[in-house]
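# Notes for the structure review
Listed here are the chains, written in short residue letters.
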Amino acid sequence: MLAGLNAKAQSMWKQQVDTKIDVRLDDQNHMLHAYEELEYTNNSPDTLKYIYLHLWANAYKHDRTQFAQQRDQQGNTDFYYSKQKDRGYIDSLQFMVDGVAVEHNSAENMPDICRIDLPKELVPGGKVKITTPFKVKLPVVFSRSGHTGQAYYVSQWFPKPAVYDRKGWHPIPYLDQGEFYSEYGSYDVKVTLPANYVLLATGNCMTAEENAWMDELAHRDIPKDTLKGRFPESARDVRTVHYHEDNVHDFAWFADKRYVVRKDTVTSPGTGELVTTWSAFLAGDTVHGNKLNGYLKTAVTHYGKWVGPYPYKTIKAVFGDMKSGAGMEYPTITLLDQSAKSMLQTATIHEAGHNWFYGILGSNERDHAWMDEGMNTFYEQKTVRELSKDTILHRTKFDETLLYYEFAATHTDQAIEQPSQNFRNANYGVDIYYKSNLMLMWLEEYMGEEAFGKGMKDYYNTWHHNHPYPEDFKACMQRNTPKLIDWFFTDLLTTDKKIDYKITSAKVRQGNTVISVKNNTGVKAPALIDVYANGKLTEKIWTPPFSSTAKVILPGENWSRLKIDDVIPDGKSANDMYRRHGLFHTFGVKFNPVLGLNTVNKEKIFVAPAIGNNYYDGFMAGVLLHNLTLPENRFRFAVAPQYAFATGSFTGAGSVGYLWYPRGFVKEVMLQADAKTFHYNETSMNMTKPLYARYIKVAPSLNFTLRQRDPLSSVTRTLLLKQYNISEETFNYPADSTAKPTLNTQQKIYGLVRYKHENNRTYNPFSYSVEGHMGEDFAKINLEGNVRIDYHQKNKSLHIRAYAGKFISITNDPAVAQRYYLNASFNGMNDYLYDGTYKGRNTRSRLDAHQVSALQEGGFKIPIFNGAGRSDDWMATINLKTDLPLKKLPIRLFFDAGMVPDYSTASTNVNNRKLLYDGGVEIVISKDIASIYIPLIMSSDFRESLTAQFGKKNVFTRSISFTLNLQNINWLKTPGRLLNSAIK
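These remarks concern the structure in this document.

Calculation notes
Residues numbered from 1 in each chain as written. Predicted model: local features only at pLDDT ≥ 70, side-chain atom pairs only at ≥ 80, totals over all residues. Heavy atoms only, no water. Helix = DSSP H or I, 4+ residues; strand = E, 2+ residues; numbered from the N terminus. Buried < 20%, exposed > 50% of the residue type's maximum accessible area, 1.4 Å probe, protein only. Areas by Shrake-Rupley, 256 points an atom, 1.4 Å probe, with all protein chains shown as cover. Axes fitted to C-alpha atoms, helices over the stretch in contact; angles between N-to-C directions. Parallel < 35°, antiparallel > 145°, perpendicular 65-115°, else oblique. Left-handed = near helix turned anticlockwise from the far one by under 90°. Contact = heavy atoms within 4.5 Å. Nonpolar A, V, L, I, M, F, W, Y, C, P; charged D, E, K, R; others polar. Phe/Tyr/Trp six-rings, centres within 6.5 Å; stacked < 30°, edge-to-face > 60°. Pairing = 2+ DSSP bridges.

## Side note on the overall build of the chain
A count of helical and extended segments in the chain gives 16 helices and 51 strands. In terms of overall dimensions, the chain has a C-alpha envelope of 110 × 85 × 55 Å along the principal axes. Put simply, the chain has 984 residues, and 54% of those count as buried. With an accessible surface of roughly 42,300 Å², the chain has 55% of that area assigned to carbon and sulfur atoms.

Encoded structure:
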């Protein structure tokens, strides 16, 4: 018995770090001048020869730190483009250990971690005193710490020992994604600052005069917001405020001369102790700020009831102007930023709740973020539901939970149990917070609310003010339920597979009902089945944890429908219902107008008006039928039949696709078929009404997206195999010049193969592709490369595109082959695959004739219709665009140059080449989609061609072109791509 107790006690040791700091704020230079004294107690069974320390203020020192690199990787460029004066650092460190000077050592790319070697070994039970002066240059707010003018948000600001626990040292750099892990101890901090600053900090204010002043401020009337963001002058005299707190692992403070202060109290459940709530906010935020104390009281009450009593005397909230992802937590104090206004109740409860999950239960957030953010989100959501008296789970709202279902549907979610730095930016929020919450709700329902609550209180009582790991949480939960819960830890926490259960049959046998359930994705876990009779929920039945199929017995046969319970985060809700009567037990269809979410127990089809216009068909109207929604379906379609009033015929377009998500080197396979039919040409020869020629295209394809080993990789590699079946009507002009032309129909089949490599890294992204076309009469190879070279100015770049093409004629008839020649300037007449969207494909005299594609073949901008800039052999071009150093003016300069064979002389030298060029101004209408090009220079071939066709006076106006690049948009993937763009 004693041996067991000793083993348990040994496994639960933690180091003790007691910290004293004197700090002075210089608000003219945004500097902190400080002196720190640490008493480090080695409670481990190990002898320590060195200690790692965090110098997290150095994360802002330069653009090569781990913080800066993570920001770059996530596409956040504000720190990279910031001025040196706006960055931050910590320096003037002179460490002494028990009075002996020691060196500290850091790596260049990790200046926010250092190591000090101890003058003598620190044995178990021993103590050392570490002292140092230090200065901190506070950055402008890029992340959690810094200043906005003379508003100060001071966190992660002082040298702090890394955690040494039963798994060793944990020196971790400061990261914007992925939070902290620190040792417990007492903090005794004295802050000196100009006397008119309002200060709130971790712990208890020990200065009587300060407490009296804060009480007086709390009773003042709220002033009018006359400052409008300006700061009053700082007082010339200073004051020193003393704060103290025990059993915390961090210390943060916030100061502003404009704060309005409010105070209240709440009784802590479990202890009966009175907790003082404090809030601070700006006068302009009074409507929101007045609610903060109420939300803090709610958190203390509900978390105290469900998890464990709040052990501190104060809890505070500051509503400030900084970037902290809506809010950021510190012991006894939380910070909320302006983005939290629309969800202030939830954000405040969440951040205050971190006093339990991260504060009192000090898990390793960097390695097991779900134990902090996931558990806290679970209780935040539980509290919000309790307040609203709404216990129903809603899957019909566009919120963070829906984002998880979208990620699961497209197999882009990530396993929960892994280090935070392994998550893609969007996944960190969706999976760590909301996927974890959904999984914990599942576990609570399976264990039962009472057993789950006992387990959580056991976890709190056992591990408060300590460093628990997942296995510790599991042990506490398991000893409070007879049900085995291994599946939660071994399967749910470690999988990135979608959850999808389906009731396949329900057969009545000898007065009972045998229900068969299929697990479509193989994640071993239990399913919960709701039983309905006459529209009312009558019973709930659990299956055992299973990975393939399971059968459960429902006593009796009085039921009308069965359903997978909403507490199961099932990624395909359309197959969750089993109906007893009807031809199809699990299949149902529901029609909705225009758009909607894919969250009901039937397949949704959306109906919307479809209108269009082109030069030949005129105005077109019809109906769009589609199932493009969120979460996305594996089977997708969008079909838009239309009636064209000018041609008096039916036109339209449509796409149908199905996706697979293999587990090997191929990440995604999409089988797709595209079809469309419109008119593309006309003739009025000898007719009062034009005769129109139609094309019909049907193009099946297979698109393979290859998997990257690194989930954070910015690279996308695709392989496309596509066949084009095109029926074209052409005009047959009779020999009799007075006779009317007729229509012939010709069938064409083309093949396309394309490999594309894209690296969408934040700076200097690039791509390259190899593409082959082949038809009965020709073969063509296209090589293309693109790179954006970023200037050291945000959103200003040089864009370079290089192209090389080779044409091979298979037919001996040049009249047939010339349609497929390489083109310096690509327009609707050259688009034999009918992939582009052109308003007038063959018009020459209207505005429509000025449309070109700057993304195909030569990429020139001059709208040319004859032989200029065409080649039946080879072509090489380069296309340049540069942004101008004008902040928001959507203007670029462009220049195109290229080489083609020169056959204009009688020379038989096949090496003769012709240089083509154009250049001018681009007006950007929509980035990468629509632009207007105004050429100011052009080579003689282009000028002579335009002169011959339109006259010398019209060369300038006829050289102006525009682009509408829609050909690379896959409409079947639009919902997901729009969502990803919105959350970046």
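Still more ground to cover, so stick around.
## What to know about the packing of helix α5 (residues 292-306) against helix α6 (residues 344-353)
α6 packs onto α5 with a crossing angle of 50° between their chain directions and a minimal axis gap of 9 Å. Judged by the inter-axis angle, α5 sits oblique to α6. Once α5 is placed against α6, the crossing between them reads as right-handed. Taken together, the residues of α6 that come into contact with α5 (itself represented by Leu 292, Tyr 295, Leu 296, Thr 298, Ala 299 and Tyr 303) are Leu 344, Gln 345, Thr 348, Ile 349, Ala 352 and Gly 353. The class makeup of the residues in the contact of α5 with α6 is eight nonpolar, four polar and no charged.

## Examining the packing of aromatic side chains
For the coordinates displayed, the defined rule picks out 69 aromatic pairs. Ring centres of Tyr 81 and Tyr 763 lie 6.0 Å apart, and the angle between their planes is 75°; on these two criteria the pair is classed as edge-to-face. Within this pair, whereas Tyr 81 is found in the loop between α2 (66-73) and β4 (89-91), its partner Tyr 763 is found in the loop between β40 (742-759) and β41 (766-774), the two being separated by 682 residues in sequence. For Tyr 81, a relative accessible area of 18% corresponds to the buried category. Assessed through its relative accessible area of 15%, Tyr 763 is described here as buried. Considering the side-chain rings of Phe 895 and Tyr 917, the 6.4 Å spacing of their centres and the 25° angle between planes classify their relative orientation as stacked.

## Structural notes on the pairing of strand β15 (residues 185-194)
Where a strand is regular, its side chains alternate between the two sheet faces. Counting buried positions along β15 yields nine of ten residues, so the element is predominantly enclosed. Bridging between strand β1 (residues 16-26) and β15 involves six bridges; their strand directions are parallel. Following the sheet pairing, Asp 22 is matched in β15 by Lys 190. Bridge count between β15 and strand β18 (residues 238-248): nine bridges; the pairing is antiparallel. Following the sheet pairing, Gly 185 is matched in β18 by Val 248.

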